[in-house]
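Observations on the three-dimensional arrangement
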Amino acid sequence: MFTFLFFVLFFMVFGKMIGVAFRATWGLMKVLLYIVFLPLILVGLVFGGLLYIAFPVLLVVGVVSLIANA
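Quantities reported herein were computed from a predicted structural model and do not represent experimental measurements.

Scoring rules and cut-offs
- Residues numbered from 1 in each chain as written.
- Predicted model: local features only at pLDDT ≥ 70, side-chain atom pairs only at ≥ 80, totals over all residues.
- Heavy atoms only, no water.
- Helix = DSSP H or I, 4+ residues; strand = E, 2+ residues; numbered from the N terminus.
- Expected span 1.5 Å × (residues − 1).
- Bend = angle between axes of the 7 residues up to and from the residue.
- Buried < 20%, exposed > 50% of the residue type's maximum accessible area, 1.4 Å probe, protein only.
- Contact = heavy atoms within 4.5 Å.
- Axes fitted to C-alpha atoms, helices over the stretch in contact; angles between N-to-C directions.
- Parallel < 35°, antiparallel > 145°, perpendicular 65-115°, else oblique.
- Left-handed = near helix turned anticlockwise from the far one by under 90°.
- Nonpolar A, V, L, I, M, F, W, Y, C, P; charged D, E, K, R; others polar.

Quick notes on helix 1 (residues 2-47)
Helix length check: helix 1, at 46 residues, gives a terminal C-alpha distance of 64 Å against a target of 68 Å (1.5 Å per residue), a fit within 8%. At L33, helix 1 shows its maximal kink, close to 40°. Along helix 1, the residues classified as buried are L38, L42 and L45. The secondary structure elements touched by the buried residues of helix 1 are helix 2 (51-69). Downstream of helix 1 by one or two residues, G49 has phi in the positive range, about 85°.

Here it is, written out as structure tokens:
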């Protein structure tokens, strides 16, 4: 009986901790994507001669960020 109760409480506590870890990781990944990877990808597209792809992507991201801030 106590073993069952221990495992139930164990999974409740560590399940919440795993949930917090996933949310923190997702937040960190979004920051890395928007601050680091997106500008690098856009600069790489421009230097690679793909300005016709980089410019619309930049416009879409800019409009979405303006709408999201409002």
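Here's the deal with the packing of helix 1 against helix 2
Look at helix 1 against helix 2: their axes get within 8 Å of each other, and the N-to-C directions meet at 150°. One element, helix 1, and the other, helix 2, form an angle in the roughly antiparallel class. Note that helix 1 runs across helix 2; the crossing there is left-handed. Together, L38, L42, L45 and V46 of helix 1 and L51, I53, A54, V57, L58 and V61 of helix 2 make up the contact between the two elements. Across the contact of helix 1 with helix 2, the residue classes break down as 10 nonpolar, no polar and no charged.

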